[in-house]
Amino acid sequence: MRSATSGELLQQLQNEVLEAIATGATLHQVAELVCRRAERLAPDAICSILAVHAQGVLRPLAAPSLPPEYSRALDGLVVGPSAGSCGTTAWRGEPIEVHDIWSDPLWADYRHLGVPSGLRACWSSPIKARDGRVVGTFAFYFRQARGPAEMERAIVATCVHLCAIAIEHDEAQARIQQLAYYDLVTGLPNRILFRERAEGMLATLRDGEVLNLLHVDLDDFQGINDTLGNRIGDLLLERVARRFCNCRFCGCDVERMLLARYCGDEFSLVQIVPAGRAGAAPLAQALIDALDEPFEVDGHRLSIGANVGIAQASRADTDFAELSRRADLALCAAKAEGAGAYCFFAPEMDAATRSRRHLKQDLRHAIDAGEFTLTYQPIVALASGELVAVEALLRWHHHARGNVSPAQFIPVIEEMGLIGALGHWVLHEACSTAAAWPRPLKVGVNLSPLQFRRPGLVTDVLEVLQQTGLPPERLALEVTESALLSRDVATRIALNQLHDHGVSLSLDDFGTGFSSLQSLRSFPFDRLKIDMSFVRGLGIDKDAIAIVHAVIGLARDLCIGTVAEGIENASQLEWLARHGCGEGQGYYLSEPLDGAALHALLERPERLAALRRRAVAECVAG
């Protein structure tokens, strides 16, 4: 039987190493295999494989025949222009042949390592990735002063190639691991890894220990992301994560704690502490306090807060999914208290959740069954008492709940993602009803802030006007300040286009938001609606009087009309008329009327005249 040729032996080496890589061997196992097979083919050689880390230092991967103390000495060796054979190879990116370690200047600072081990020669070759990076070195050491033979060169060339494949495969696997289990923006564990490790921590919970789960939600992050873009949002998240990692966790054992970016603008943290120790509350406060100082992000000074929900487990058999659900409920309660609050889960939160779930079921049925109706509250010119407009108000009567306030059901519908369909129905119903009135009154329709985020708002409004036959000048869209907080270009364009088509715009609940004056500069409003909370304070609250007086004067100077909401008595009506408020609405003038009642009122001029006379008489009497 003939002996295998050198080429066949190298092919066998290559096949064996590639099979090890393909079957999932670790990088260290593959490197060990390469060294042993290379030494079998070159009996005089001692093989060493080192990895080059990004910090510019060498780390041993395999050197089965080198003395262990020698390999340990190489661990952390900094690459450089005169750093022995391997350090210089990594520095230059080219093979270095040292035939005599005892005399070669490259080994001047390192021959004390090789000589005691009996090493006299070293030929080192760079292992390069496909992008040209030096990711490792492959070396043959000899106990005689000599260079490599031709067969040894062939072995080295094959091994360098195989090592490059193995190291790049390992990097790819590490990258896959990073993508699968770590958040790319913050570098923190993601939801998948967090859950796996948290479940492991829960399973190992011992008697006398408590596991705390904290869900942290950033306040108003979405507004920053929408206004300044995803890049700024990602940079802000990265800086928030850095502060969370650097904040002082009240003496907690960091080895028994895990922080992660759970999703979106939500972070999660789990910790194990001795029972009876107040670990969760100080920890939650530390996370909140970490955001006290504004962030400087790409020229923007950004302030952001946080709320924290906390759930606790004291038994290893607690279900993590249930624990996470409780932390979510606690987080909702914390957000209801306002920015910078934290809450612990309490059993009564479950009852509130069940109630909300049932409300959602009832609302979905109400939409499908057409249970919603509109009423119309008259708006009167305060100087003459003339009925000039109405506001369409959405109403829902439930067979068991009775009349449900819009303040209760509208936020839930928005959360369910159904506000677009319901808002379209309200607009179509109001315009269709108004088109049939015997007098050309203007009808006001409220728009949800979420409707502005949907593309095609302008088209939807114009199509409804065309379908119902209502002239654009008879439609007034009422917009709250919260819809304008981001002041994004799309919202501004939409409102300007609607105004250009003749639709009038009213800024609702003026003075209760955070951007009133800027909104007046940025958007073409025709009317300001003074919120009822200020009207209610007329005559009894000096601050309310000053605010309403200032709003009326501001609107007059800007040539914008004013409408006072919630007029409930003659003194409020008299004060508003005397100080120049243009229009008003409220139960004192008229309660909201259904479509038929309003139609009947408009058909009877004497009833309109009576309404007008009462408003004028009250003003005169005042």
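Here the structure is a predicted model, which means the values were calculated and not measured.

Student: Just to check I follow, could you spell out the overall build of the protein for this structure?
Tutor: Summing up its helical and strand segments, the protein has 22 helices and 22 strands in all. Taken over the C-alpha trace, the protein has a radius of gyration of 38 Å; the compact-globule value for 622 residues is 25 Å, which it surpasses by more than 25%. Seen through its principal axes, the protein has C-alpha atoms that stretch 120 × 55 × 50 Å. Counting over 622 residues, the protein shows a buried share of 48%.

Student: What is the right way to read the sheet that holds strand S7 (residues 257–263) from this model?
Tutor: In a beta sheet, neighbouring strands are held together by backbone hydrogen bonds and run either parallel or antiparallel to one another. Overall, mixed pairing links the five strands, which are arranged S7-S8-S6-S11-S12 in an open sheet. Each of the sheet's edge strands pairs with one partner strand only, and the pair in question is S7 and strand S12 (342–344). When the angles between neighbouring strand axes are averaged without regard to direction, this sheet yields 20 degrees.

Student: Whenever I open this one, the sheet that holds strand S2 (residues 58–62) confuses me. Can you help?
Tutor: Pairing is antiparallel across the open sheet formed by five strands, whose spatial order is S2-S1-S5-S4-S3. Here the strands that pair on one side only, and so sit at the sheet edges, are S2 and strand S3 (96–98). The average undirected angle you get between the axes of adjacent strands in this sheet is 25 degrees. Across the face of the sheet, helix H2 (residues 27–41) comes into contact with strand S1 (46–52), S2 and strand S5 (134–142) while running at roughly 150 degrees to S1. Running over the sheet, helix H6 (residues 150–181) touches S1, S2, S3, strand S4 (121–128) and S5 and is turned about 40 degrees from S4.

Student: Would you mind going over the pairing of strand S20 (residues 561–564) with me for this structure?
Tutor: A regular strand carries its side chains on alternate faces of the sheet. Where strand S19 (residues 527–530) and S20 come together, four bridges link them in parallel fashion. Note on S20: the bridge partner recorded for Lys529 is Val563. Bridging between S20 and strand S21 (residues 583–584) involves two bridges; their strand directions are parallel. Its bridge partner being in S21, Ala564 is matched across the sheet by Gly584. On the question of chirality, the crossover connecting S20 to the parallel S21 by way of helix H20 (residues 570–578) is right-handed.

Student: Please clarify how the nonpolar core should be interpreted in this entry.
Tutor: Considering soluble globular proteins, one finds that nonpolar side chains tend to be buried as a cluster. The biggest cluster of nonpolar side chains holds 73 residues, and the ones touching the most others in it are Val443, Leu475, Leu477 and Leu576. When residues in this core are grouped by element, the largest group, seven residues, is from helix H14 (residues 419–435). With sequence-adjacent residues up to four places away left out, Leu475 is seen in contact with Leu427, Cys431, Lys442, Val443, Val445, Val461, Leu465, Leu470, Val503 and Ser504.

Student: It is not clear to me how helix H15 (residues 457–468) should be interpreted in this structure. Could you clarify?
Tutor: One turn of the α-helix equals 3.6 residues, which is why residues spaced by three or four share an orientation. Its twelve residues place the ends of H15 17 Å apart at the C-alpha level, agreeing with the 16 Å of an ideal helix rising 1.5 Å per residue. Those residues of H15 that fall on the buried side of the exposure criterion are Leu457, Val458, Val461, Val464, Leu465 and Thr468. The buried side chains of H15 occupy one side of the element, clustering within an arc of 135 degrees when seen end-on. Opposite the buried face of H15, by more than 90 degrees, sit the exposed residues Gln466 and Gln467. One or two positions beyond H15, positive phi appears at Gly469, with a value near 80 degrees.

Conventions and cut-offs
- Residues numbered from 1 in each chain as written.
- Predicted model: local features only at pLDDT ≥ 70, side-chain atom pairs only at ≥ 80, totals over all residues.
- Heavy atoms only, no water.
- Helix = DSSP H or I, 4+ residues; strand = E, 2+ residues; numbered from the N terminus.
- Rg over C-alpha atoms; globule rule 2.2 N^0.38 Å.
- Buried < 20%, exposed > 50% of the residue type's maximum accessible area, 1.4 Å probe, protein only.
- Pairing = 2+ DSSP bridges.
- Axes fitted to C-alpha atoms, helices over the stretch in contact; angles between N-to-C directions.
- Contact = heavy atoms within 4.5 Å.
- Right-handed = clockwise from strand over helix to strand, strands pointing away.
- Core = buried A, V, L, I, M, F, W, Y, C linked by side-chain atoms within 4.5 Å.
- Expected span 1.5 Å × (residues − 1).
- Arc of directions from axis to C-beta.

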